[in-house]
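This is what each chain is made of:
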Amino acid sequence: MNSPSSFLWQIRRAAHYRRASANEPPLRAELFNVEQLARQASALAAGHEIVTRRGSHQLLARLGQNEEVLRAYNRTTLVVNKSRHVTPAAEWLLDNFYLIEEQIQMARRHLPRNYSRELPRLVSGRSAGLPRVYDLVLELISHLDAQLDAGSLHAFLAAYQSVSPLNLGELWAVPIMLQLGLIENLRRITSRLVTARHDRDLADSWATRLQEIAEKNPSNLIVGVADMAQARLPLSSSFVTEFCQRLSRQGPALHLARTWLEQRLGEQGQSIEQLIHAESQGQAVDQVSVSHSITSLRFLGAMNAKDFVESLSLVERALKNDPAAVYSAMNFSTRDRYRHVIEELARQSALTEVEVAQKAV
């Protein structure tokens, strides 16, 4: 039989993960269509205040932390007892972890320290001190539930630039920032899955303990239930669902435990049926978010970054106004060389990149 100290340790561990996941919920907000995304982007652009001084390496550090959490969860999922339930979201993570690892390494290669430090940063808000383009992609991901597509991405960034232009470095950074944002989203969902797993493990442990008492010393069952009542258990949807499923497979002797649970939940204005339904819904929502995030990582892997940047670059649009139409006839590497010169000139002057391009024309 598990000792009281082991139960106390499990409760504290579950509480720790619950606090962590509550502070950083998945990137989920009201789902927007293309028109709503455009309005949201314009509002963001009007409210963003940026600075161009060099910043810190917060995104690289965050990527490392996210990688650690995802790796740890993947390892523990692989060793879960086959008789235990693995949620659909966990199966998605397990089956596609090779892709997540590839994307993490790719993001690390494409985000050198000096590059991320030179991007314009936000002065205030939830992403204060971080590149504004990172805040943009977090907003986009949250209003699409991580289901990215070319049309929504283009409309969102074009609407933002109608109010506040992005520089060339920011446009090149968008695919990388999207990778980081999707990995961040997966890590946040994973933290919720970790909490739910600990709650289910705790429920399983208590069900096993009560079952052993019922089999060996039924007269002490009321003492076991009393111990459970004193333990300040996390009566989450995961705990309640797992505990009730275990009880349903046992004999009527454990009816006392279910009665106690019903009374405790009733005091909180909840019921067993409500929490079981909430658990089912929560697992479905997490599965959708994980599948969207992974599918979007594949989308980014197939994206042509050159076409993406040129299609949204206001500098590119200005240079194509060349009256002799010479610029448009150049190959990509030559056009890119022109744009790099414009970046350098703007960096050394009070003009924006678009203003430099317009003066050049």
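See above for the structure.
Residues numbered from 1 in each chain as written. Predicted model: local features only at pLDDT ≥ 70, side-chain atom pairs only at ≥ 80, totals over all residues. Heavy atoms only, no water.

**Student:** Hey, could you go over helix α4 (residues 88-95) for me, with residue numbers and the actual values?
**Tutor:** Among the residues of α4, those classed as buried are Ala89, Ala90 and Leu93. Relative to the axis of α4, the buried residues are bounded by an arc of 100 degrees and lie together on one face. Its buried side turned inward, α4 meets α3 (58-78), α5 (97-110), α9 (168-216) and α13 (272-302). (Buried < 20%, exposed > 50% of the residue type's maximum accessible area, 1.4 Å probe, protein only. Helix = DSSP H or I, 4+ residues; strand = E, 2+ residues; numbered from the N terminus. Arc of directions from axis to C-beta. Contact = heavy atoms within 4.5 Å.)

**Student:** Describe the packing of helix α2 (residues 34-47) against helix α7 (residues 132-144), and please don't skip the residues or the numbers.
**Tutor:** Where α2 meets α7, the axes come as close as 11 Å, and the angle between the chain directions of the two elements is 150 degrees. Between α2 and α7, the angle is such that the two are roughly antiparallel. For the pair α2 and α7, the crossing hand works out as right-handed. Facing Leu37, Gln40 and Leu44 of α2, the residues of α7 in contact are Asp135, Leu136, Glu139, Leu140, His143 and Leu144. Here the residues of the contact of α2 with α7 sort into five nonpolar, two polar and two charged. (Axes fitted to C-alpha atoms, helices over the stretch in contact; angles between N-to-C directions. Parallel < 35°, antiparallel > 145°, perpendicular 65-115°, else oblique. Left-handed = near helix turned anticlockwise from the far one by under 90°. Nonpolar A, V, L, I, M, F, W, Y, C, P; charged D, E, K, R; others polar.)

**Student:** Got a sec to walk through the side chain of Glu316? Specific residues and values, please.
**Tutor:** Along the chain, the position of Glu316 falls in helix α15 (residues 314-319). On the basis of relative accessible area, Glu316 is assigned to the buried category, the value being 1%. Apart from residues no more than four positions distant in its own chain, Glu316 is found in contact with Glu310, Tyr327, Arg335 and Arg339.

**Student:** Describe empty space enclosed by the protein, listing the residues and the values that go with them.
**Tutor:** Applying the stated criterion to the full structure yields three cavities of 30 Å³ or more. By volume, the largest cavity amounts to about 60 Å³. Lining the largest cavity are Leu70, Tyr73, Asn74, Thr77, Ala90, Leu93, Leu94, Phe97 and Ile100. A total of four residues in the lining of the largest cavity trace back to one element, the largest contributor, which is α3. Tallied by class, residues from the lining of the largest cavity come to seven nonpolar, two polar and no charged. (1 Å grid on protein atoms, 1.4 Å probe; cavity = no way out; pocket = protein on both sides within 12 Å on 5 of 7 lines; lining within 4 Å. Points joined across faces, edges and corners; volume = space filled by probe spheres on them.)

**Student:** So what's going on with the pattern of salt bridges? Residues and values would help.
**Tutor:** Here the structure, examined in full by the defined rule, presents 24 salt bridges. Asp286 serves as the salt-bridge partner of Arg192, at 3.5 Å between the closest nitrogen and oxygen. Of this pair, Arg192 sits in helix α9 while Asp286 is found in helix α13, placing the two residues 94 residues apart along the sequence. On the basis of relative accessibility, which here comes to 31%, the residue Arg192 falls in the partly exposed class. Look at Asp286 and you get buried, because its relative accessible area is 6%. Several salt bridges converge on common partners, so that one network encompasses Glu310, Glu316, Lys320, Arg335, Asp336 and Arg339. (Salt bridge = Lys/Arg side-chain N within 4 Å of Asp/Glu carboxyl O.)

Take it as geometry only, folks, not as evidence of what the structure does.
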